[in-house]
Amino acid sequence: MLCGLGGFSLLLGLASREQRLQRWTRPLSGLVWAALLALGLGLLFTGGVVSAWDQVSFFLFVIFTVYAMLPLGMRDAAAAGLASSLSHLLVLGLYLGLQPDSQPALLPQLAANAVLFLCGNVAGAYHKALMERALRATFREALSSLHSRRRLDTEKKHQEHLLLSILPAYLAREMKAEIMARLQAGQGSRPESTNNFHSLYVKRHQGVSVLYADIVGFTRLASECSPKELVLMLNELFGKFDQIAKEHECMRIKILGDCYYCVSGLPLSLPDHAINCVRMGLDMCRAIRKLRAATGVDINMRVGVHSGSVLCGVIGLQKWQYDVWSHDVTLANHMEASGVPGRVHITGATLALLAGAYAVEDAAMEHGDPYLRELGEPTYLVIDPRAEEEDEKGTAGRLLSSLEGPKMRPSLLMTRYLESWGAAKPFAHLSHVESPVSTSTPLPEKALSSFSPQWSLDRSRTPRGLDDELDTGDAKFFQVIEQLNSQKQWKQSEDFNPLTLYFREKEMEKEYRLSALPAFKYYAACTFLVFFSNFIIQMLVTNRPPALTITYSITFLLFFLLLFVCFSEHLTKCVLKGPKMLHWLPTLSVLVATRPGLRVALGTATILLVFSMAITSLVFLPAASNCPFRAPNVSFTASNLSWELPGSLPLISVPYSVHCCVLGFLSCSLFLHMSFELKLLLLLLWLAACCSLFLHSHAWLSDCLIARLYLGALDSRPGVLKEPKLMGAISFFIFFFTLLVLARQNEYYCRLDFLWKKKLRQEQEETETMENLTRLLLENVLPAHVAPQFIGQNRRNEDLYHQSYECVCVLFASVPDFKEFYSESSINHEGLECLRLLNEIIADFDELLSKPKFSGVEKIKTICSTYMAATGLNATSGQDAQQDAEQSCSHLGTMVEFAVALGSKLDVINKHSFNNFRLRVGLNHGPVVAGVIGAQKPQYDIWGNTVNVASRMESTGVLGKIQVTEETACALQSLGYTCYSRGIIKVKGKGQLCTYFLNTDLTRTGPPSATLG
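The structure displayed is predicted, hence computed values, not measured ones.

A. Here's a closer look at the overall build of the protein chain. Counting its regular elements, the protein chain contains 37 helices and 16 strands. Taking as baseline every contact in the protein chain between residues at least 6 positions apart, the subset at least 24 positions apart corresponds to 76%. On the protein chain, roughly 45200 Å² of surface is accessible, and the fraction owed to carbon and sulfur atoms is 58%.

B. Just the packing of helix α26 (residues 596-614) against helix α28 (residues 653-669), in detail. The N-to-C vectors of α26 and α28 enclose an angle of 175 degrees; their axes lie 9 Å apart at closest approach. Taken together, α26 and α28 sit at an angle that is classed as roughly antiparallel. Here I607, V610, F611 and A614 of α26 lie close against α28, whose contacting residues are S657, C660, C661, G664, F665, S667 and C668. Across the contact of α26 with α28, the residue classes break down as eight nonpolar, three polar and no charged.

C. Broad picture of the pattern of salt bridges. Applying the stated criterion across every chain, the model contains 26 salt bridges. Between E132 and K128 there is a salt bridge whose closest N-O contact spans 3.7 Å. With E132 and K128 both in helix α5 (residues 106-166) and four residues apart, the pair spans about one turn of that helix. For K128, a relative accessible area of 1% corresponds to the buried category.

D. Region of the structure containing the packing of aromatic side chains. In total, this model carries 41 aromatic pairs according to the counting rule given. Their ring planes at 40 degrees and their centres at 6.3 Å tell us that F818 and Y822 sit as a pair that is tilted. Per residue, the accessibility class of F818 equals that of Y822, and both read buried. Here the aromatic residues F528, F531, F532, F535, Y552, F556, F559 and F560 are joined through ring pairs into a cluster of three or more.

E. Expanded view of unusual backbone geometry. For the bond running from L266 to P267, omega is -5 degrees, close enough to zero to count as cis. Positive phi values are uncommon outside glycine, yet Q55 reaches one of about 55 degrees. On the basis of relative accessible area, Q55 is assigned to the buried category, the value being 3%. Backbone geometry at A355 places phi at a positive 55 degrees, although glycine is not the residue there. By the element assignment, A355 lies in the loop between α11 (348-354) and β7 (360-362). Given the relative accessible area of 70%, A355 is considered exposed.

F. Focus on the pairing of strand β1 (residues 201-216). Alignment of β1 against strand β4 (residues 300-314), held across 15 bridges, turns out to be antiparallel. Paired with V216 across the strands is N300, a residue of β4. In this sheet, strand β3 (residues 259-264) lies alongside β1 in antiparallel orientation, the contact comprising six bridges. Bridged to L211 within β3 is C262.

G. Layout of α26. Across its 19 residues, α26 extends 27 Å between first and last C-alpha, which sits within 8% of the 27 Å expected from 1.5 Å per residue. Listed in full, the buried residues belonging to α26 are P596, R599, G603, T604, T606, I607, V610, F611, M613 and A614.

H. Expanded view of the environment of G217. Among the secondary structure elements, G217 is positioned in the loop between β1 and α7 (218-222). Spatially, the C-alpha atoms of G217 and N300 are 6.9 Å apart, while their sequence positions differ by 83 residues. For G217, the contacting residues outside a window of four places in its chain are D298 and I299.

I. Here's a closer look at the nonpolar core. Residues F665 and F732 are the most contacted members of the largest nonpolar core, which totals 122 residues. Ranked by residue count, the leading element in this core is helix α31 (residues 724-779), at 14 residues. Once you skip the residues sitting within four places of it in the chain, F665 turns out to touch F611, L683, W686, L687, C690, F732, F735, F736 and L739. Core analysis: the next-biggest nonpolar cluster, separate from the first, contains 52 residues, I166, L167, A787 and V932 among them.

J. Expanded view of helix α8 (residues 227-247). With 21 residues, α8 should reach 30 Å at 1.5 Å per residue; the first-to-last C-alpha distance of 30 Å fits that figure. Counting buried positions over the 21 residues of α8 gives 15, a clear majority of the element. Residue E249 follows α8 closely and has a positive phi angle near 55 degrees.

K. The packing of helix α3 (residues 56-68) against α31, seen in detail. Between α3 and α31, whose axes approach to 10 Å, the crossing angle comes to 10 degrees. When the axis of α3 is compared with that of α31, the two are roughly parallel. Here S57, F58, L60, F61, F64 and A68 of α3 lie close against α31, whose contacting residues are M727, S731, I734, F735, T738, L739 and L742. Considering only residue class, the contact of α3 with α31 consists of 10 nonpolar, three polar and no charged.

Procedures and definitions
- Residues numbered from 1 in each chain as written.
- Predicted model: local features only at pLDDT ≥ 70, side-chain atom pairs only at ≥ 80, totals over all residues.
- Heavy atoms only, no water.
- Helix = DSSP H or I, 4+ residues; strand = E, 2+ residues; numbered from the N terminus.
- Contact = heavy atoms within 4.5 Å.
- Areas by Shrake-Rupley, 256 points an atom, 1.4 Å probe, with all protein chains shown as cover.
- Axes fitted to C-alpha atoms, helices over the stretch in contact; angles between N-to-C directions.
- Parallel < 35°, antiparallel > 145°, perpendicular 65-115°, else oblique.
- Nonpolar A, V, L, I, M, F, W, Y, C, P; charged D, E, K, R; others polar.
- Salt bridge = Lys/Arg side-chain N within 4 Å of Asp/Glu carboxyl O.
- Buried < 20%, exposed > 50% of the residue type's maximum accessible area, 1.4 Å probe, protein only.
- Phe/Tyr/Trp six-rings, centres within 6.5 Å; stacked < 30°, edge-to-face > 60°.
- Pairing = 2+ DSSP bridges.
- Expected span 1.5 Å × (residues − 1).
- Core = buried A, V, L, I, M, F, W, Y, C linked by side-chain atoms within 4.5 Å.

This is the structure:
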């Protein structure tokens, strides 16, 4: 016994101090169990007569400790528990079976011991199973929270990249806040405002320079390209321009076909903004010259620069594109249009800011732009100081065209040369962001099996190889393991009060206490097992008086009623087949699981019921001290004396009442989610009641039992551990403190599980919001059917996105009157109020896109007051070619109705703003190429002759009319629309074209016209 006690103390000391031994938890736990078992077996034969009830409570403690305290697996714990039980039964059975028949019947006592040990094993296994299940769930939720956090960080990076690819940082923050508020409020549209205006994200900046650049000869070259070549060529060209813009501190604003424009001095003012733009223009011209020299392709660069002030920001609700507006922007555009290929055309305002940095020459104005002629201000061409050096180097760059041979198409030559520039692909940064680990990925069993409620969770290190299996690689994983350490409950935490374990947030504490508990029915079922064990024990060791039987019968009835209430939901099918008046019964279990007050009342009543029945047998024993075995005339040889008190129960029921009281203590630990303070109150109540009974009111029963055991030996007394009342009191205190520690640990893990679940829900909600934001942002740059190509699991951005379509209807709708309406004065805040009206117009147009009937309309962009859209872009490539003309172009009718709806929207705005704006619309249909270009600011666009002609249909159109080409008119007439000929008109770049007007009314003015059919 001393060896076992000493070994147990030594091992416990080593385990608590030496971290290196903590990896040997299984053999160490086995040694601790063996020491406890040896100690218990030693106590059996120490201190007096050996009886069948000796050390049953201690062995019960060993069994429960194996399950609840030692870090063993379920199989090991069950093996140790059963071995402990069998060792006690076999040792006492063999030892007492060989003794003279001087003790009460041995078999009933051994059977009672077996029931006690079986109950202890089941209760311990139940406790361990629930705790392991809860800890595994907590561990999974903690890891899921980590994965969710990673995913959240990834989504934040995604949306940050996306936002910054569309907007400057200062504007992105402002717009992101509104989008987040809208998503969290569950609104699909903008929140209601106190005024009737849409939000306007436009600011005025002074001291900026605007550069417009156009690739001369690109339209003819593009007509010879395949879709892949065209998109690659544009991406490489504009990618190179983006690199040049970054080098010279310029911000690219937008790409319009083959036109590129940018601004220097945004969003932060720069003193050298004019020099930056000029340098960028010269470098662009130089890059095109090298391209022309290397490929022999006849293209050039025309650049215009002007300095002044701009209004910059975003208008509309969809397809945001950062843009600039002002008279100075218009002037810069005209400077490019009237410029000289290969040269940088600047105004006097820009020249003044150059401060002699570059030599210039006067630009010839004889053939200049009418807009510039009207201004009457001189313009200049910048002399590139490096142009002569490049000319002297000769034609070394023509090597590519000479090597490839004269038969290769110019577009293919150019594409091959441009690939050497190595421009980044659109959204390339998204492919480098590490994708989050799926929360549905099953965790390795090795990782989960390494965690049990005690030592393995107390380890400061994770199992070997766990970090490799879970692929965490960061400190957050180890923080989770550390938080699962049971010792953390005593340390300062930002979530818990270390003394009470209450949540520091009152709302969270309230939510925890009001949370549902579906497992309550299992707590009640296991408590019934303890009660049933007490019943069997009482029946085995007593003479089963009728009153005791009646008491247990009533208690059984109460327990069955409780179990019926708890498990009534499992009887739904049976109840529904019965009378309707009983259909409410299945809801009882739901009420118990969801009503905290009802749960506490039922749980407390159940435990008190077990308490009361554990000591019921003492009620049938006399309270007065009347022990016949203390009489002086009782002889040592009177072995035939009965073990029963006259008219009462047998004396052996006394120690078994003690053991039943110990089971009563265990019943408290079975309610894992019961609050610690309630458990403490019940355990204190039960400890006081048991000690009062066995040490005071019924203490004489223990003395009487000892007197019966030691008949005729008045000087012989048993040791402390052999006396039922003292050993019982010691057992009560041991179980009291053990279960108190377990209760606090259970409370900590239950609260930790609730905390991780709440954190996981919050992070999942935040992640969902971020994913929605990312989707919304991406769909604000790309069409919905294109966005999946660049983000998520379907990402395929290794190649440039390009798609050819056989039949796409392109619309250009402009408000030409807005140019005359726009003015810059102090009254309208230098044009800001004019843009507010334009924002209302574009935003109202955008709102039409959310209507189901216009779901096929895709907004492409806005160019000042011109709105560009297309239909037929969501069709599968090649699908149109396989259908007949009527089916393939059926979406033309949708575009016509959209154009009519635009006119109706403009009428409403006119009514409220007291204006008389009229819409001018151009439509055309045919083949187009769609693609995404630009790494710095990815932009979806469509190209082709169809787009160019649609633009000309608008620019040469008439206010209040929809102008279409002859081919589009025929297609519309086949759909039931009426068109009438306008005649032959001259179209820039296309010559003479016969155009038609669609017979519909946009402005409700002029001659009456037919309605849409």
